[in-house]
Structures are given as C-alpha cells and as structure tokens.
Amino acid sequence: QVQLVESGGGLAQAGGSLRLSCAASGSLLGINAMSWYRQAPGNLRELLARITSDGRTNYADSVKGRFTISRDNAENTLYLQMNSLKPEDTAVYYCFAEARYSDPPGYWGQGTQVTVSS
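Residues numbered from 1 in each chain as written. Predicted model: local features only at pLDDT ≥ 70, side-chain atom pairs only at ≥ 80, totals over all residues. Heavy atoms only, no water.

## Some remarks on the pattern of salt bridges
Part 1: Throughout the structure, instances matching the rule amount to six salt bridges.
Part 2: With a shortest N-O distance of 2.8 Å, R38 and D89 are connected by a salt bridge. One end of the pair, R38, is in strand 4 (residues 31–39); the other, D89, is in the loop between strand 8 (77–82) and strand 9 (91–99), with 51 residues separating them in the sequence. As far as burial versus exposure is concerned, R38 and D89 are alike and both buried.
Part 3: We note a salt bridge from D54 to R56, for which the minimum N-O separation is 3.2 Å. By the burial criterion, D54 is exposed, and R56 matches it. (Salt bridge = Lys/Arg side-chain N within 4 Å of Asp/Glu carboxyl O. Helix = DSSP H or I, 4+ residues; strand = E, 2+ residues; numbered from the N terminus. Buried < 20%, exposed > 50% of the residue type's maximum accessible area, 1.4 Å probe, protein only.)

## Examining the sheet that holds strand 1 (residues 2–7)
Part 1: The strand order 1-3-8-7 describes an open sheet built from four strands, whose pairing is antiparallel. On the outer flanks of this sheet lie strand 1 and strand 7 (67–72), each paired with one strand and no other. In this sheet, adjacent strand axes meet at a mean angle of 15 degrees when their direction is disregarded.
Part 2: Judged from the six bridges that link them, strand 1 and strand 3 (residues 18–26) form a sheet pairing that is antiparallel. Counterpart to E6 in the pairing with strand 3 is C22. (Pairing = 2+ DSSP bridges. Axes fitted to C-alpha atoms, helices over the stretch in contact; angles between N-to-C directions.)

## A short note on the packing of aromatic side chains
Part 1: Tallying each qualifying case throughout the model produces four aromatic pairs.
Part 2: Note on F96 and W108: the rings are 4.6 Å apart at their centroids and 45 degrees apart in plane angle, and the pair reads as tilted. Residue F96 is located in strand 9, and its partner W108 is located in strand 10 (residues 106–108); the two are separated by 12 residues in the primary sequence.
Part 3: Since its relative accessible area comes to 39%, W108 is described here as partly exposed.
Part 4: An aromatic cluster is defined as three or more aromatic residues linked by ring pairs; in this entry it consists of Y37, Y94, F96 and W108.
Part 5: Over the ring of Y94 we find R45, and its NZ or CZ is 3.8 Å from the ring centre. (Phe/Tyr/Trp six-rings, centres within 6.5 Å; stacked < 30°, edge-to-face > 60°. Lys NZ or Arg CZ within 6 Å of the ring centre and 35° of its normal.)

Right, dumping it as structure tokens:
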C-alpha cells in the first residue's frame, strides 16, 4: 500500500502563486510516474501534469507555462508550483502515483482545495 498526503492548498488571488506538496509513504519501490489532477464541481477530473521517475515532464495546455511539476525522490515528495493563477484554476487538486504492482495500477491522494479569487 501507498499513502499520499497533500498539502499547500488554500486561497489565492488572481495572478498569485501557490505550491502544492504530495508526500508519499508506504511501499514505494513500485512507484513510477506521478501526476497532478484537478476536478471542479460538475467537471471531469483533468490531468494537469506528469513527471517520470527520471524527471521527464509533460503538461496540459491549460497550465503549460504557468505550472511546474517536480519531485524530490530522496524525500518521496511531489510538488506543483502554480504561478499566474486564474479563477478558472479553482478546483480540488489530487496527487496520483503510478504503481507497478497495484491493481488498480495507482494510488490517489485525498485532494486539497485551491480557490482563486478575482
């Protein structure tokens, strides 16, 4: 089992910044890529960014150039640096870890609320 604990969400003004963290614990040897998703009320869960174990990244067009995903493998922590925030970024943000030996093949964090005011 893998546990993911998120932190760093809260209230920000448009144009401001937040940094989300996702701390992983448990059986971590099978963890490969990690990702950030978000889900606003009434919307589908949206993949925002993904980072592989060797540091390769990709981003959704909606956040490209504003958000940066990173990971500290020594600390087993995933980060999402969010700059130039917009009200449209308001959502619950989730951490996801792809796991080689799990079925379903991954683990979700509990989610953290991000609210951006205009």
